[in-house]
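# Analysis of the macromolecular model
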Amino acid sequence: MELYTYYRSTSSYRVRIALALKGLDYTAVPVNLIAPPGGEHRQPAYLAINPQGRVPALRTDEGELLVQSPAIIEYLEERYPQVPLLSADLAVRARERGVAALIGCDIHPLHNVSVLNKLRQWGHDEAQVKEWIGHWISQGLAAVEQLIGDAGYCFGAAPGLADVYLIPQLYAAERFDVSLQAYPRIRRVAALAEGHLGFRRAHPGNQSDTPG
């Protein structure tokens, strides 16, 4: 498999975690989102791969090209079920998907670089942009804190889909100086992930395109 990725892309980070937790080998194909003049994702070569011009994209061993991290992760879960990311309990599966959707649909898009750049184009200064980021991340994580369990990872002793989404979001929170002090359950999950080899391998600091 080939994963078109950028080291600090939250969506790419999710897919890297899913691949690592499932023990799947892949070749990383870095796509530099800040390379002049406007990022490699906006160049014809990459737009021919993903017309939306975003990462990640995954080329499967069968040659299929998949886009959007939720679809890619669902594909991996169904194609390689040996290390499941979803509980066997249907209600728990729904809760896992709910946390993943909360993060992927309601938190992450509001601090995507395209959204932040539009705020700047409309005249908002950096203090206002930072306040925007902090508001939406904090509001979302406060909800996640109430939805996850009291022990282990988000929903049990082994990491699953909710953790795949949560850990990259915490990396973004750190980047934007959003405190996690009010979220003891989330901080517990973060500590567990920090000691897990799969999460460490997927971390933005350990990628081939991480700046030196």
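The structure we're discussing is the one just above.
Now for a description of the structure that goes with this document. (Residues numbered from 1 in each chain as written. Predicted model: local features only at pLDDT ≥ 70, side-chain atom pairs only at ≥ 80, totals over all residues. Heavy atoms only, no water.)

For the chain, the helix and strand inventory stands at 9 helices and 4 strands. The secondary structure elements of the chain, listed N-terminal to C-terminal, are β-α-β-α-β-β-α-α-α-α-α-α-α. Its C-alpha radius of gyration of 17 Å places the chain within 12% of the 17 Å reference for a compact globule of 212 residues. In terms of overall dimensions, the chain has a C-alpha envelope of 45 × 45 × 30 Å along the principal axes. Every one of the 212 residues in the chain was classed for burial, and the buried ones make up 44%. (Helix = DSSP H or I, 4+ residues; strand = E, 2+ residues; numbered from the N terminus. Rg over C-alpha atoms; globule rule 2.2 N^0.38 Å. Buried < 20%, exposed > 50% of the residue type's maximum accessible area, 1.4 Å probe, protein only.)

On to helix H4 (residues 90–107), then. Taking 1.5 Å of rise per residue, 18 residues should cover 26 Å, and H4 covers 25 Å from first to last C-alpha, within 8% of that figure. Val-92, Glu-96, Val-99, Ala-100, Leu-102, Ile-103, Gly-104 and Ile-107 are the residues of H4 that are buried. Taken together, the buried residues of H4 touch helix H1 (10–21), helix H6 (126–147) and helix H7 (161–175). A distance of 2.9 Å separates the backbone nitrogen of Ala-91 from a side-chain oxygen at the start of H4, and that oxygen is part of Asp-89. (Expected span 1.5 Å × (residues − 1). Contact = heavy atoms within 4.5 Å. Polar contact = N/O pair within 3.5 Å; in protein donor to acceptor, adjacent residues only side chain to side chain.)

Turning our attention to the packing of aromatic side chains. Inspection of every chain in the model, using the stated rule, returns 5 aromatic pairs. Taken together, a centroid distance of 5.9 Å and an interplanar angle of 85° make the contact between Tyr-13 and Tyr-171 edge-to-face. With a gap of 158 residues between them, Tyr-13 in helix H1 and Tyr-171 in helix H7 connect regions that are remote in the sequence. Between Tyr-153 and Phe-199 the ring centres are 6.2 Å apart and the planes differ by 15°, which places this aromatic pair in the stacked class. Of this pair, Tyr-153 sits in the loop between H6 and H7 while Phe-199 sits in helix H9 (residues 197–202), and the two are 46 residues apart along the sequence. A relative accessible area of 6% means that Tyr-153 is categorised as buried. (Phe/Tyr/Trp six-rings, centres within 6.5 Å; stacked < 30°, edge-to-face > 60°.)

So, on to the side chain of Gln-169. Inspection of the secondary structure assignment puts Gln-169 in helix H7. Ignoring any residue separated from it by four or fewer positions in sequence, one finds Gln-169 in contact with Thr-10, Ile-103, Ile-107, His-108, His-111, Ile-137 and Leu-141.

Pairs can form between side chains of opposite charge once their charged atoms are near each other. Tallied over the full model, the rule gives 6 salt bridges. For Glu-126, the salt bridge is made with Arg-120, and the minimal N-O distance between the two is 2.7 Å. For Arg-120, a relative accessible area of 33% translates into the label partly exposed. Between Asp-150 and Arg-185 there is a salt bridge, with its nearest N and O atoms 2.6 Å apart. A residue pair is termed long-range when its members are at least 10 positions apart, and Asp-150 in the loop between H6 and H7 and Arg-185 in helix H8 (residues 184–194) qualify at 35 residues. Residue Arg-185 is classed as partly exposed on the basis of its relative accessible area, which comes to 23%. (Salt bridge = Lys/Arg side-chain N within 4 Å of Asp/Glu carboxyl O.)

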